[in-house]
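Topology and contacts: notes
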Amino acid sequence: MSSKGCSSSFNRLWQHNNLKEDDNDHMAYWLSNLSSLLFLLQSSLKSAAKPPPPTSIFSRMTQSFRSSSSNLAIGIIRQFEAKYPAILFKQQLTAYVEKIFGIIRDNLKKELSMHISHCIQVAKTSKGTAINPFEESHGNCSPASHWGGIVESLNKFLGTLKENFVPPVLVQKFFTQIFAYINAQFFNSFLIRRECCTLSNGEYVKYGLIELELWCAQATEEYAGSSWGELKQTRQAVAFLILQEKSSISYDQITNELCPVLSVQQLFRLCWLFRDDKYNTPNVSANVIASMKLLMSDGSEDDGGSTFLLEDDISIPFTAEDVLGSMQVKEFAEVKPAAELVENPAFQFLVQD
């Protein structure tokens with residue numbers, strides 16, 4: 001059966017299974033299988049470009065050794081020349097992997113948005129009073145439980161990806177974008193909501209950041225990747241909000257030591273909106289505010305005209321090569337194809353020696 005026939009048969013299988021886009025477990029199953037199929041297909045394609053013929057006996061010996069090693073590495077995979085139908089099938093598989101990745105990511109964002117909104121709402125309903133993360137209000141759950149909801153969703157999501165054997169490189173990409181989303185939501189709330197830009201709310205969000213840092217450590221770098229680094233704007237904004245004696249700190253100390261990744265526009269918003277709702281201590285000095293206004297007026301801190309708010313990244317943060325480079329042939333040595341594929345003539349190559 002040609003790759004073209006395999007591609008059309010795969011499309012029919014895809015349509016027949018009626019994807020449940022709201023079910024992350026179902027979608028993760030397809031993401032895992034399609035990623036594996038993409039890897040196996042790529043490993044089966046012979047490179048069109050051939051190396052130049054060796055000119056010395058040493059070169060011929062080296063090429064022979066590499067060829068033998070390559071055959072041993074391929075092992076279970078039969079290679080064939082890459083022609084248009086196979087290349088088209090690979091492109092379709094890549095598109096499916098990217099589409100499903102986006103669907104699963106957006107599902108988790110939708111689930112997390114409720115918990116994040118509750119966290120932000122805590123500052124709004126506190127009405128200028130100090131926030132106790134463990135104190136229940138009006139018979140409802142405590143503020144800390146909202147952060148617990150975020151961690152619970154992350155744990156459930158990680159478990160789903162692991163159970164479906166989603167490649168770790170894709171798991172990392174998921175959480176990197178999810179943490180960037182969490183970062184944007186909380187950081188932007190500081191800059192647009194005066195009730196969020198307070199000492200007590202800074203302490204409350206600091207409590208949540210500790211929970212997220214612990215989650216990253218428990219998930220390990222294999223799955224969490226650089227997720228913790230995606231919270232850098234929120235972490236630095238919180239460091240400013242909970243800083244004692246702001247009136248004695250200089251502009252250079254703020255920009256070089258406390259909040260080096262924040263733009264002058266973002267720092268100005270923080271300083272302008274900040275209020276100490278616990279001890280009523282003074283804000284930054286007038287000289288610091290004047291320095292920020294001067295830099296913004298003369299354009300020396302021009303950020304290209306972009307807004308001071310962070311934007312949600314909806315791009316696909318990986319390429320097919322990222323997926324292919326993270327997997328090895330030996331991972332599939334003992335894997336048996338699904339009965340539905342074995343019964344389909346287009347996939348007979350899966351059971352051939």
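Quick look at the structure, then. (Residues numbered from 1 in each chain as written. Predicted model: local features only at pLDDT ≥ 70, side-chain atom pairs only at ≥ 80, totals over all residues. Heavy atoms only, no water.)

1. Description of the overall build of the protein chain
The helix and strand tally for the protein chain stands at 14 helices and 2 strands. Out of the 353 residues in the protein chain, the part that is buried amounts to 43%. When contacts within the protein chain are restricted to residue pairs at least 6 apart in sequence, long-range pairs at least 24 apart make up 81% of them. Surface exposure of the protein chain reaches about 19,200 Å², of which carbon and sulfur atoms provide 53%. (Helix = DSSP H or I, 4+ residues; strand = E, 2+ residues; numbered from the N terminus. Buried < 20%, exposed > 50% of the residue type's maximum accessible area, 1.4 Å probe, protein only. Contact = heavy atoms within 4.5 Å. Areas by Shrake-Rupley, 256 points an atom, 1.4 Å probe, with all protein chains shown as cover.)

2. Considerations on the packing of helix α6 (residues 168-192) against helix α11 (residues 264-273)
Helix-helix packing: each pair is described by the crossing angle between the helix axes and the interaxial distance. For the pair α6 and α11, interaxial distance at closest approach is 8 Å and the crossing angle is 55°. The orientation of α6 relative to α11 falls into the category oblique. When α6 is examined against α11, the residues Phe187, Phe190, Leu191 and Ile192 are found in contact with a partner set consisting of Gln266, Arg269, Leu270 and Leu273. Residue composition of the contact of α6 with α11, grouped by class: 6 nonpolar, 1 polar and 1 charged. (Axes fitted to C-alpha atoms, helices over the stretch in contact; angles between N-to-C directions. Parallel < 35°, antiparallel > 145°, perpendicular 65-115°, else oblique. Nonpolar A, V, L, I, M, F, W, Y, C, P; charged D, E, K, R; others polar.)

3. Topic: helix α10 (residues 251-258)
For α10, the set of buried residues is Tyr251, Ile254, Thr255 and Leu258. Buried residues along α10 cover an arc of 125° about the axis, so they all sit on one side. Projecting away from the buried face of α10 at angles above 90 degrees are the exposed residues Asn256 and Glu257. Packed against the buried residues of α10 are α9 (232-241), α11 and α12 (286-298). (Arc of directions from axis to C-beta.)

4. Comments concerning empty space enclosed by the protein
By the definition in use, this model includes 1 cavity of 30 Å³ or more. Here the largest cavity defines a volume of roughly 30 Å³. Considering the residues around the largest cavity, the lining is formed by Cys119, Ile120, Ala123, Phe186, Ser189, Phe190, Cys196, Asn201 and Val205. Only α4 (84-125), α6 and α7 (199-219) provide two or more residues apiece to the lining of the largest cavity. Along the lines of polarity and charge, the residues of the lining of the largest cavity split into 7 nonpolar, 2 polar and no charged. (1 Å grid on protein atoms, 1.4 Å probe; cavity = no way out; pocket = protein on both sides within 12 Å on 5 of 7 lines; lining within 4 Å. Points joined across faces, edges and corners; volume = space filled by probe spheres on them.)

5. Details of the pattern of salt bridges
Evaluated as defined, the whole model comprises 4 salt bridges. Its salt-bridge partner being arginine 193, residue glutamate 195 comes within 3.8 Å of it at the nearest N-O pair. The class for glutamate 195 is partly exposed, based on a relative accessible area of 26%. Taking relative accessible area as the criterion, arginine 193 reaches 30% and is therefore assigned partly exposed. Linking lysine 278 and glutamate 203 is a salt bridge whose minimum nitrogen-to-oxygen distance equals 2.9 Å. (Salt bridge = Lys/Arg side-chain N within 4 Å of Asp/Glu carboxyl O.)

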